[in-house]
Amino acid sequence: MAIRVFSSRLAAVAVAAGAAMATLSAPAQAASGPGVYVALGDSYSAGSGVLPIDPSASLLCARSTANYPHVIAERTGAELTDVTCGGAQTKDFSTAQYPGVAPQLDALGPGTRLVTLTIGGNDNNTFIDTILACASAGIATAGQGHPCQTLYGDTFADDIDTKTYPAVKAALQAVRDKAPNAKVAALGYPWIMPAKAEAGCFAKMPIASGDVPYVRDIEAHLNSAVQRAAQETGATYVDMSRVSEGHDACQPIGTRWIEPALFGTNYVPVHPNALGESRMASAAIGSLGLG
């Protein structure tokens, strides 16, 4: 009888403890979730070039359901509203980018708890002008020397300092004003080119060998401007430079996060592939402490 009474009491204690744990753990889990999550930004946020295409988005935005916002939402249980759009500039936060595509800031409100974005690369056509100008110069010299650096010097970097940086800072402040209760994360751009001239891949990225570090420096300059703007507006900067090292467009399939201009797998070249989008999501989750 004593054993039976002890067993009954032990079972009762276990049930009570289990109920207490359930009561304590449920609010903790709810509190740790991101809640209402709005994704803003350009093609690196939209996952442009990665299939499948998001049927809810304008085809002009080339938004993917495998982009890093969707990956973040899937991994964390966040309630995602995705208004990312390929080709977006900072001005498209406050004005309609295309007919029927609302200003991205319209998606924000006091109830927004998380905002991510990648922006700035299209302002002043920084990315496209750099790639096109340096590829054209590289083809003209059959990949030799540093013709792009000779032709353009500090032009791209100066535009980033005088135009892109203040525009990104203003955009981030506007996000803060529209969503005062949100964590805001600005992601840097993963490396497109390797660090060293000899690591270039002229057949896939027709940049002259001497211009490989030059193109890389321009991207580093852009990321530094985004980082500074984030720090000055209270946003979290998600640094992609270390984690994306060795995953540039010159690497083989399965290693690279960015597809090259030629012979790539994406329908939009020089953009993250599905692996790159997934890794951007991981970096954002880690930087924001989302688990």
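Up top you'll find the structure we're talking about.
In what follows, the accompanying structure is described. Owing to the predicted nature of the structure, the values given are computational and were not obtained by experimental measurement.

1. Details of the layout of surface pockets
In step 1: Of the voids in this model, the largest pocket is the one considered here, and its volume is about 300 Å³.
In step 2: Lining the largest pocket are 14 residues, and of these Asn122, Phe127, Ile128, Pro269 and His271 lie nearest its centre.
In step 3: Going through the elements one at a time, α2 (43–46) and α4 (126–140) are the ones with two or more residues in the lining of the largest pocket.
In step 4: When residues of the lining of the largest pocket are assigned to their parent elements, the largest contribution, 4 residues, is made by α4.
In step 5: Residues of the lining of the largest pocket, tallied by class, amount to 9 nonpolar, 5 polar and no charged.

2. A word on the nonpolar core
In step 1: One finds Leu117 and Val175 to be the most contacted residues of the largest nonpolar core, which totals 49 residues.
In step 2: If you list the elements that add at least two residues to this core, you get β3 (114–117), α4, α6 (155–178), β4 (183–187) and α7 (212–232).
In step 3: Setting aside chain neighbours within four positions, we find Val175 in contact with Leu40, Phe93, Leu105, Leu108, Val115, Leu117 and Val184.
In step 4: Core analysis: the second largest hydrophobic core is formed by 20 residues, Leu114, Val238, Ala283 and Leu290 among them.

3. Some words on the packing of α4 against α6
In step 1: Following both chains from N to C, one finds α4 and α6 inclined at 175°, their axes separated by 11 Å at the closest point. Here α4 is positioned roughly antiparallel relative to α6, judged by the angle of their axes. Along its contact with α4, which presents Thr126, Asp129, Thr130 and Ala133, the element α6 presents Phe156, Ile160 and Thr164.
In step 2: Tallied by class, the residues present in the contact of α4 with α6 amount to 3 nonpolar, 3 polar and 1 charged.

4. Re α4
In step 1: The terminal C-alpha atoms of α4, which comprises 15 residues, lie 21 Å apart, in line with the 21 Å expected from a rise of 1.5 Å per residue.
In step 2: All buried positions along α4 are accounted for by Thr126, Phe127, Thr130, Ile131, Ala133, Cys134, Ala135, Ala137 and Gly138.
In step 3: In this structure, the buried residues of α4 make contact with α2, α5 (147–152), α6 and α7.
In step 4: Positive backbone phi, approximately 55°, marks Ala142, located one or two places after α4.

5. Comments concerning the sheet that holds strand β5 (residues 236–238)
In step 1: One open sheet accounts for 5 strands, arranged β2-β1-β3-β4-β5; its pairing is parallel. Looking at strand neighbours, the two that pair on one side only are β2 (79–82) and β5, the edges of this open sheet. The mean angle between the axes of side-by-side strands here comes to 20°, regardless of whether they run parallel or antiparallel.
In step 2: Alignment of β3 against β4, held across 4 bridges, turns out to be parallel. Of the residues in β4, the one forming a bridge with Leu117 is Ala186.
In step 3: Sitting on the sheet, helix α3 (residues 68–76) touches β1 (36–39), β2, β3 and β4, and the angle it makes with β2 is about 170°.
In step 4: Packing of α6 onto the sheet brings it into contact with β3 and β4, and relative to β4 it is tilted by some 160°.

6. Regarding a nonpolar patch on the surface
In step 1: Taken together, Leu51, Ile53, Leu59 and Tyr267 make up a surface patch of nonpolar side chains, about 440 Å² in accessible area.
In step 2: Residue position: Leu59 is located in the loop between α2 and α3.
In step 3: Residue classification places Leu59 among the exposed positions, given a relative accessible area of 70%.

7. Focus: empty space enclosed by the protein
In step 1: Applying the stated criterion across every chain, the model contains 1 cavity of 30 Å³ or more.
In step 2: Of the pockets and cavities examined, the largest cavity occupies roughly 70 Å³.
In step 3: As for the largest cavity, its lining consists of Thr126, Phe127, Thr130, Ile131, Ile192, Val215, Ile218, Glu219 and Leu222.
In step 4: Taken together, the elements giving at least two residues each to the lining of the largest cavity come down to α4 and α7.
In step 5: Residues of the lining of the largest cavity, tallied by class, amount to 6 nonpolar, 2 polar and 1 charged.

Criteria and thresholds
Residues numbered from 1 in each chain as written. Predicted model: local features only at pLDDT ≥ 70, side-chain atom pairs only at ≥ 80, totals over all residues. Heavy atoms only, no water. 1 Å grid on protein atoms, 1.4 Å probe; cavity = no way out; pocket = protein on both sides within 12 Å on 5 of 7 lines; lining within 4 Å. Points joined across faces, edges and corners; volume = space filled by probe spheres on them. Helix = DSSP H or I, 4+ residues; strand = E, 2+ residues; numbered from the N terminus. Nonpolar A, V, L, I, M, F, W, Y, C, P; charged D, E, K, R; others polar. Core = buried A, V, L, I, M, F, W, Y, C linked by side-chain atoms within 4.5 Å. Buried < 20%, exposed > 50% of the residue type's maximum accessible area, 1.4 Å probe, protein only. Contact = heavy atoms within 4.5 Å. Axes fitted to C-alpha atoms, helices over the stretch in contact; angles between N-to-C directions. Parallel < 35°, antiparallel > 145°, perpendicular 65-115°, else oblique. Expected span 1.5 Å × (residues − 1). Pairing = 2+ DSSP bridges. Patch = residues over 30% accessible without salt bridge, like charges linked within 9 Å, V, L, I, M, F, W, Y side chains within 5 Å. Areas by Shrake-Rupley, 256 points an atom, 1.4 Å probe, with all protein chains shown as cover. Salt bridge = Lys/Arg side-chain N within 4 Å of Asp/Glu carboxyl O.

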